[in-house]
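Structural overview
The residues making up each chain are set out below.
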Amino acid sequence: SVEFDWCSVSCIKTLRSLGHEAIVINCNPETVSTDFDESDRLYFEELSHETVLDIAELEEPEGVVVSVGGQTPNNLAMGLHKKGVKILGTSVEAIDTCENRFKFSKLCDSLRIDQPEWSEFTTVDEA
């Protein structure tokens, strides 16, 4: 998680240097990004769809950056986008393409990038 914390802090510093407020939602007390001096406001809350939507409604941000926080924010991106939250940085479509094994494989095929054979199983019996 050190790499996500470094990315988050770098993003915060960049946003602030460009004159934007940086509001952080994080529930991990062992990160630099949860230091109250790093951001303009810190919400020490769980990263759930409902919590992020509630905070976005209260703060009315110009947009949110999900691509520096690891798997959980990536998983929230599409739902937030569908609710009208503007996702900054990596597009929701690009995140979805990378998270969806079929879409990612198709992209690799179109770019002629070799990939190992893979299969998807939805039950233990199939595996």
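Please read all numbers here as calculations on a predicted model, not as lab measurements.

**Brief notes about the packing of aromatic side chains**
- Counted under the stated rule, the structure contains one aromatic pair.
- Measuring from centroid to centroid gives 5.1 Å for Phe102 and Trp118, while their planes differ by 65 degrees, and the two rings are edge-to-face. Of this pair, Phe102 sits in helix α5 (residues 101-110) while Trp118 sits in the segment after α5, placing them 16 residues apart in sequence.
- Judged by relative accessible area, Phe102 falls into the partly exposed class, the value being 47%.
- Directly above the ring of Trp118 sits Arg101, whose terminal nitrogen or CZ lies 5.5 Å from the centroid.

**Considering helix α1 (residues 2-17)**
- With 16 residues, α1 ought to run about 22 Å at 1.5 Å a step, and its terminal C-alpha atoms sit 22 Å apart, in line with that.
- Where α1 is concerned, the buried positions are Asp5, Ser8, Val9, Cys11 and Ile12. On an axial view of α1, the arc spanned by its buried residues comes to 160 degrees, and they lie on one face. Pointing more than 90 degrees away from the buried face of α1 are the exposed residues Val2, Trp6, Lys13 and Ser17.
- Next to the buried residues of α1 lie β1 (23-25) and β3 (64-65).
- Positive backbone phi, at 90 degrees, marks Gly19, one or two positions downstream of α1.

What counts, and where the lines are drawn
- Residues numbered from 1 in each chain as written.
- Predicted model: local features only at pLDDT ≥ 70, side-chain atom pairs only at ≥ 80, totals over all residues.
- Heavy atoms only, no water.
- Phe/Tyr/Trp six-rings, centres within 6.5 Å; stacked < 30°, edge-to-face > 60°.
- Helix = DSSP H or I, 4+ residues; strand = E, 2+ residues; numbered from the N terminus.
- Buried < 20%, exposed > 50% of the residue type's maximum accessible area, 1.4 Å probe, protein only.
- Lys NZ or Arg CZ within 6 Å of the ring centre and 35° of its normal.
- Expected span 1.5 Å × (residues − 1).
- Arc of directions from axis to C-beta.
- Contact = heavy atoms within 4.5 Å.

Without other data, these values stay purely geometric and don't point to any function.
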